[in-house]
Amino acid sequence: MSEEEPRGENRNTKKKEKRSGVKEEEEEEKREADGQQRAESEGVVLHGIFKLGKKSHDVLLTRTRLTWTPIRPETPTGNMCVLQPGVMLLQDVYAVKVKRRRAVGQQSGGAVLGVALFCCRRRGKRLEEDTVHLHNASAEHTHTWYNTLKELLTGFSTRPRYLKVFINPSSHKKEAVHIYREHVAPLFKMADIRTDITVTERKGHALSVMKECKLDEYDGVVCVGGDGSVTELCHAVILRAQIDAGSPDKPVKAVLPLGIIPAGSTDVVSCSVHGVRDPVTAALHIVLGHLLQVDMCSFSSLGQLVHFGFSAMFGFGGQTLARAEKKRWMPSSRRREYALVKTLARLRPEDCQLSFLPEKKSQRNLSKHGAPDQKSESESEDEESWTTNQDLYLSISIMSIPCLSPHAPRGLAPNTRLANGSAALIAVGNTSRSEFIKHLKRYSSSSGQFSFPFVETHAVSAVRIRPRSLVGFSEESEEDGDSKSSPIIQSDGATFPWNIDGELIEIGNEVLVRVHPQLITLYGEDVDEAESTVSCSCI
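Residues numbered from 1 in each chain as written. Predicted model: local features only at pLDDT ≥ 70, side-chain atom pairs only at ≥ 80, totals over all residues. Heavy atoms only, no water.

Novice: Looking at this structure, I do not really get the overall build of the protein chain. What am I missing?
Specialist: The helix and strand inventory of the protein chain stands at eleven helices and 21 strands. The proportion of buried residues among the 539 residues of the protein chain is 50%. Sequence-distant contacts, at least 24 apart, represent 72% of the contacts inside the protein chain between residues at least 6 apart. (Helix = DSSP H or I, 4+ residues; strand = E, 2+ residues; numbered from the N terminus. Buried < 20%, exposed > 50% of the residue type's maximum accessible area, 1.4 Å probe, protein only. Contact = heavy atoms within 4.5 Å.)

Printed below as a string of structure tokens:
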């Protein structure tokens, strides 16, 4: 009896294994049937056998995805091996090439090995290059798949085919040309994107080229540089749109999208639309045609346009940038820290009249094409009443985007978005140096930068700043005699430094800032937070 029990247990075990094997086989068949049904609902384009790695796979192509399921081998016991299928969305594929076996030095021809699909994989906020190899020695089979995949990829209408590229060789550590050649150009070439490159030679070079070139030849514009280069090119594409539309007085939505390859010291605009300071991520957003509608501001004085931009800082931010510009010979990090410490040491408020027009939902009216409704914008401004304060301010910031950066991962204006039709007004009143430093330090943490009695924030559609005193920053005595750069708007009296998207602009009169919803299209995606923090050792 004792010998029969194990044999009975063994029979029971075999029955359980058999039932388990049948159940796994049924589940696998059900999973394949679901995948087949989903593929059929999308419309199967091609169906074939390829090797991925060393295993043969059943590959299914629809108009939106590529699915590969391992061909199930049998185990020695007769049970079926359960292997997971793989899926790739075609929206993540930017190139397809025929794989060939070639001898050393052979430039063309060679035996066909299959097709390679070049795609992007997400790793947090970063986009990384990846490749899927489909091996099949049949030339006819391979070329059928290659031609079909190429045809499907051309169906993505937002992907560019010809780009106008501007490279600022002087940005940050003068690495812009290297960044473009090493990280961006190979991706553009792989995606069959033609480029017309201009290496800028001076400030304003990109603006002059944009005014003259034939934009109808291009699908987009690309800037390789820092925030200064970005703001110049953004300003240029809006001005060009105004010229082409015959509308010199009213902003016109830019016709071409703008791509930003970060090559500066802070890259605030790039971080705001990519989440990271990574040229590969930025290039992949361009190649894949990821588009964003973004708000911009116009800055004018005495009825004349000064600049278009995303953000501006008056007071502490402008004074810090003005001091940093005098030390261009220093490394960028040392220059920033020197200017920050020096401005904190001589911290002083500006006596000015601050007026703002609160943002209303009715002011977010857009036309059918997503462009700002200029008529409703001007009418609503006339109907609404301005709020005016006369006070001492250490800093006044107006930002139509969050202004993310490694130094401020949640942004300088975390309560605004890229296209919410308003800007964040952050006014810091007069306070002690120690309290002001506490406020600045909070930007590198998760929150709390506005939880001070001397800080007020508002969502606004327009802001007017009128300095009460004509004693501007340029009249302040400095320990060195460095001459300042020429202001964009010349005035008989003193000028006040403004930091507009990292560019120093000096204005000696009242400044009117107005928000224009969705004025420009950028390559990228809306993000909530920058990738990482960078501590500043100076405060």
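Novice: Would you take a moment to explain the nonpolar core for this structure?
Specialist: A general trend in soluble globular proteins is that nonpolar side chains are found buried together. Counting 54 residues, the largest nonpolar core has Met210, Leu233, Leu258, Phe310 and Ile520 as the members making the most contacts within it. Top element by residues in this core is helix H5 (residues 227–245). It accounts for seven residues. In contact with methionine 210, not counting residues within four places along its chain, are Phe166, Leu215, Val221, Leu233, Ala236, Val237 and Arg240. (Core = buried A, V, L, I, M, F, W, Y, C linked by side-chain atoms within 4.5 Å.)

Novice: Is there a simple way to explain the pattern of salt bridges in this structure?
Specialist: Oppositely charged side chains may form a pair once their charged atoms are brought near each other. Scanning all chains against the criterion turns up 14 salt bridges. Notably, a salt bridge pairs lysine 203 with glutamate 503, separated by 3.1 Å at the nearest N-O pair. Note that lysine 203 is positioned in the loop between strand S9 (194–199) and helix H4 (205–212) and glutamate 503 in strand S20 (residues 503–507), a separation of 300 residues in sequence. The exposure class of lysine 203 is exposed, given its relative accessible area of 63%. Its relative accessible area of 18% is what places glutamate 503 among the buried residues. Of the charged contacts in the structure, one is a salt bridge between arginine 277 and aspartate 267, with a shortest N-O distance of 3.1 Å. Of the two residues, arginine 277 is situated in the loop between helix H6 (268–274) and helix H7 (279–288) and aspartate 267 in the loop between strand S11 (258–262) and H6; the sequence distance between them amounts to ten residues. Its relative accessible area of 34% is what places arginine 277 among the partly exposed residues. Of the residues examined, aspartate 267 reaches a relative accessible area of 3% and is grouped as buried. Linked through salt bridges whose partners overlap, the residues forming this network are Lys97, Lys150 and Asp192. (Salt bridge = Lys/Arg side-chain N within 4 Å of Asp/Glu carboxyl O.)

Novice: Teacher, can you tell me more about the pairing of strand S6 (residues 111–123) here?
Specialist: As a general feature of sheets, a regular strand has side chains that alternate between the two faces. Looking at chain direction, strand S5 (residues 93–101) and S6 are connected through eight bridges and run antiparallel. The partner of valine 96 across the bridge, within S6, is leucine 117. Where S6 lies against strand S7 (residues 126–135), ten bridges are found, and the strand directions are antiparallel. The residue bridging glycine 114 from the neighbouring strand is histidine 135, located in S7. (Pairing = 2+ DSSP bridges.)

Novice: Explanation requested: unusual backbone geometry in the structure shown.
Specialist: For residues besides glycine, phi is generally negative; the peptide bonds are generally trans as well. Backbone geometry at aspartate 192 places phi at a positive 60 degrees, although glycine is not the residue there. Mapped onto the fold, aspartate 192 is located in the loop between helix H3 (176–190) and S9. With phi around 55 degrees, aspartate 267 is a residue other than glycine that occupies positive phi space.

Novice: Explain the environment of threonine 388 to me, please; I cannot follow it from the model alone.
Specialist: Within the secondary structure, threonine 388 is located in strand S16 (residues 387–399). On the basis of relative accessibility, which here comes to 43%, the residue threonine 388 falls in the partly exposed class. Taking the C-alpha atoms as reference, threonine 388 lies 6.9 Å from glutamine 353; in sequence the two are 35 residues apart. Apart from the residues lying within four places of it in its own chain, the contact partners of threonine 388 are Gln353, Leu354 and Ser355. Within polar-contact distance, the side chain of threonine 388 engages the side chain of serine 355 at 3.0 Å. (Polar contact = N/O pair within 3.5 Å; in protein donor to acceptor, adjacent residues only side chain to side chain.)

Novice: Which parts of the structure should I look at to understand the environment of arginine 468?
Specialist: Assignment of secondary structure puts arginine 468 in the loop between strand S18 (455–467) and strand S19 (496–500). Relative accessible area serves as the criterion here: at 60%, arginine 468 is assigned to the exposed category. For the pair arginine 468 and leucine 392, spaced 76 residues apart in the sequence, the C-alpha separation amounts to 9.8 Å. The contacts of arginine 468, once residues within four sequence positions are left out, are Asp351, Cys352 and Gln390.

Novice: Please explain helix H8 (residues 316–325) as it appears in this structure.
Specialist: Every α-helical turn comprises 3.6 residues, leaving residues that sit three or four positions apart pointing alike. H8 sits mainly inside the fold: nine of its ten residues count as buried. All buried positions along H8 are accounted for by Phe316, Gly317, Gly318, Gln319, Thr320, Leu321, Ala322, Arg323 and Ala324.

Novice: Would you take a moment to explain the packing of H8 against helix H9 (residues 332–345) for this structure?
Specialist: In a packed pair of helices, the relevant descriptors are the angle between the two axes and the axis-to-axis distance. It is the contact of H8 with H9, at a shortest axis distance of 8 Å, that shows an interaxial angle of 130 degrees. Comparing their axes, H9 and H8 come out oblique. Crossing handedness for the pair H8 and H9: right-handed. Here H8 contributes Phe316, Gln319, Thr320, Arg323 and Ala324 to the contact with H9, which in turn contributes Arg335, Ala339, Leu340, Lys342, Thr343 and Leu344. Considering only residue class, the contact of H8 with H9 consists of five nonpolar, three polar and three charged. (Axes fitted to C-alpha atoms, helices over the stretch in contact; angles between N-to-C directions. Parallel < 35°, antiparallel > 145°, perpendicular 65-115°, else oblique. Left-handed = near helix turned anticlockwise from the far one by under 90°. Nonpolar A, V, L, I, M, F, W, Y, C, P; charged D, E, K, R; others polar.)

Novice: Teacher, can you tell me more about the environment of isoleucine 243 here?
Specialist: Here isoleucine 243 lies in helix H5. Isoleucine 243 sits 32 residues away from lysine 211 along the chain, and the two C-alpha atoms are 8.4 Å apart.

Novice: So what exactly am I meant to see when it comes to helix H2 (residues 139–153) here?
Specialist: The terminal C-alpha atoms of H2 lie 21 Å apart, and with 15 residues this matches the ideal 21 Å at 1.5 Å per residue to within 8%. Where H2 is buried, its residues contact strand S1 (44–52), strand S2 (55–62), strand S3 (65–70), S5 and S6. (Expected span 1.5 Å × (residues − 1).)

Novice: What exactly am I supposed to notice about the packing of aromatic side chains here?
Specialist: Two numbers describe a pair of aromatic rings. These are the distance of the centres and the angle of the planes. Counted according to the given criterion, the structure contains eight aromatic pairs. On the basis of an interplanar angle of 50 degrees and a centroid distance of 6.0 Å, the ring pair of phenylalanine 314 and phenylalanine 496 is categorised as tilted. Here phenylalanine 496 lies in strand S19 and phenylalanine 314 lies in strand S14 (residues 311–315), a separation of 182 residues in the sequence. When sorted by exposure, phenylalanine 314 lands in the same class as phenylalanine 496, which is buried. Taken together, a centroid distance of 6.2 Å and an interplanar angle of 80 degrees make the contact between tyrosine 443 and phenylalanine 450 edge-to-face. Among the aromatic residues, ring-to-ring pairing joins Phe314, Phe496 and Trp498 into one connected group. The side chain of arginine 159 reaches across the aromatic face of phenylalanine 156, ending 4.2 Å from its centre. (Phe/Tyr/Trp six-rings, centres within 6.5 Å; stacked < 30°, edge-to-face > 60°. Lys NZ or Arg CZ within 6 Å of the ring centre and 35° of its normal.)

Novice: What is the right way to look at the confidence of the model for the protein chain in this model?
Specialist: Any segment with low pLDDT has predicted coordinates that should not be analysed in fine detail. Predicted confidence across the protein chain gives a mean pLDDT of 81, with 79% of residues reaching 70 or more. Taken together, the stretch residues 362–377 has pLDDT below 50 and engages in 28 contacts with residues farther than four places along the chain or on a different chain. A low-confidence stretch, residues 535–539 (pLDDT under 50), is modelled with eleven contacts involving residues beyond four sequence positions or located in other chains. (pLDDT = per-residue confidence, 0-100.)

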